[in-house]
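Chain residues, written in single-letter form:
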Amino acid sequence: MQKAKSPVKEVVKPVLTGSWHGRDAKKQGFKLMLNILFVTVIYLILSMLLTFDSLVLRVATSLVLITAAVAYLYANGAQVGQGDAAYGEIMYTRQQEGKPISKADQERCFHPYKGFYAVLIGAVPYLVITIVFACIAKESTYSLGVLPTWLTRYTRQSGVGDALAFYQVHDGVALQTILRIISRSMTMPFINIAVKLGSTATLWAERLTPLWVLVAPMGYAFGYRQGIHMRTKINTGIAIGEKKKRRKARKERRDRDRAKSHKPEQLI
């Protein structure tokens, strides 16, 4: 009867807790700002390429884009959190040995809320733009296009000219238009769905852009919180590997001893 393997015990090492709002957290926030910009570019390009007339296809492709963006920043945050947890283990050992620890070293250690603070720093410029736009957003209305060149000569005629005069009125580029372009670029998968549902749904989607722009970055915050868990898995994996090496070394030693004990004595 084969002996049942004992369950693997997790190796949980103590970690020195860092600062959730220190210099290291701000540095993470500025790096995240660039990652959010990268996600915005991907949103814009792929949403334009994957625009379908079918609402079902729009929803499906938009969900895929959003999920991919969240997963990308989640993995990024988990990697940073695991690194900070590993650094926290080193700093804890130094503290136990009575060695001095600088403020910068302690700030770099893992803190469960550091990821959320980094998201707040990284998303500030995007939030400012979307909040301002959400406050002034109005339902989109139809506007006249460009007057065809062949109709230009009729603008000087009485009666016809008055009707065509509306084409000559230009209000210029309004602030709302500029902010709408920027905000939609940052939240294109959400807007793509809303546009298919009508102007009212689009207006509400635009008013909620501050929430949409935070969806992907929040993946970073929750991923960072997994740093301790990931570090525990790594430490457990290292312990299992060392245990296997010791077991293999003992087996090889027993085999060598057994071979020596069964070796025939040389006849003189």
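Read on for a plain summary of the structure. (Residues numbered from 1 in each chain as written. Predicted model: local features only at pLDDT ≥ 70, side-chain atom pairs only at ≥ 80, totals over all residues. Heavy atoms only, no water.)

**Quick word on the side chain of Ser185**
Mapped onto the elements, Ser185 comes out in helix H6 (residues 175-186). For Ser185, the side chain forms a polar contact with the main-chain oxygen of Ile181, separated by 2.8 Å. Once you skip the residues sitting within four places of it in the chain, Ser185 turns out to touch Thr40, Tyr43 and Leu44. (Helix = DSSP H or I, 4+ residues; strand = E, 2+ residues; numbered from the N terminus. Polar contact = N/O pair within 3.5 Å; in protein donor to acceptor, adjacent residues only side chain to side chain. Contact = heavy atoms within 4.5 Å.)

**What to know about helix H8 (residues 199-207)**
Of all the residues in H8, the buried ones are Thr202, Leu203, Ala205 and Glu206. For H8, the angular spread of the buried residues around the axis is 165°, confining them to a single face. Next to the buried residues of H8 lie helix H4 (114-136), H6, helix H7 (188-197) and helix H9 (209-224). (Buried < 20%, exposed > 50% of the residue type's maximum accessible area, 1.4 Å probe, protein only. Arc of directions from axis to C-beta.)

**Overview of a positive patch on the surface**
Residues Lys243, Lys244, Arg246, Arg247, Arg250, Arg253, Arg254 and Arg256 make up a contiguous surface patch of positive charge. What makes Arg256 partly exposed here is its relative accessible area of 47%. (Patch = residues over 30% accessible without salt bridge, like charges linked within 9 Å, V, L, I, M, F, W, Y side chains within 5 Å. Areas by Shrake-Rupley, 256 points an atom, 1.4 Å probe, with all protein chains shown as cover. Salt bridge = Lys/Arg side-chain N within 4 Å of Asp/Glu carboxyl O. Lys, Arg positive; Asp, Glu negative; His and termini not counted. Charge placed at Lys NZ, Arg CZ, Asp CG, Glu CD.)

**Looking at the packing of H4 against H6**
Direction vectors running N to C along H4 and H6 enclose 125°, while the axes themselves pass 9 Å from each other. The pairing of H4 with H6 is recorded here as oblique in orientation. Remark: the crossing between H4 and H6 carries left-handed chirality. Here Tyr126, Ile129, Thr130, Val132, Phe133 and Ile136 of H4 come into contact with H6, specifically with Leu175, Gln176, Leu179, Arg180, Ile182, Ser183 and Met186. (Axes fitted to C-alpha atoms, helices over the stretch in contact; angles between N-to-C directions. Parallel < 35°, antiparallel > 145°, perpendicular 65-115°, else oblique. Left-handed = near helix turned anticlockwise from the far one by under 90°.)

**Describing H4**
End to end, H4 covers 33 Å across 23 residues, agreeing with the expected 33 Å (1.5 Å per residue, within 8%). Taking the largest bend as the criterion, H4 deviates by roughly 55°, centred on Val124, and proline Pro125 comes between one and four positions later. Burial in H4 covers these residues: Lys114, Gly115, Tyr117, Ala118, Val119, Gly122, Ala123, Tyr126, Leu127, Thr130, Phe133 and Ala134. Against helix H1 (23-49), helix H2 (55-96), helix H3 (103-108), H6, H8 and H9 lie the buried residues of H4. (Expected span 1.5 Å × (residues − 1). Bend = angle between axes of the 7 residues up to and from the residue.)

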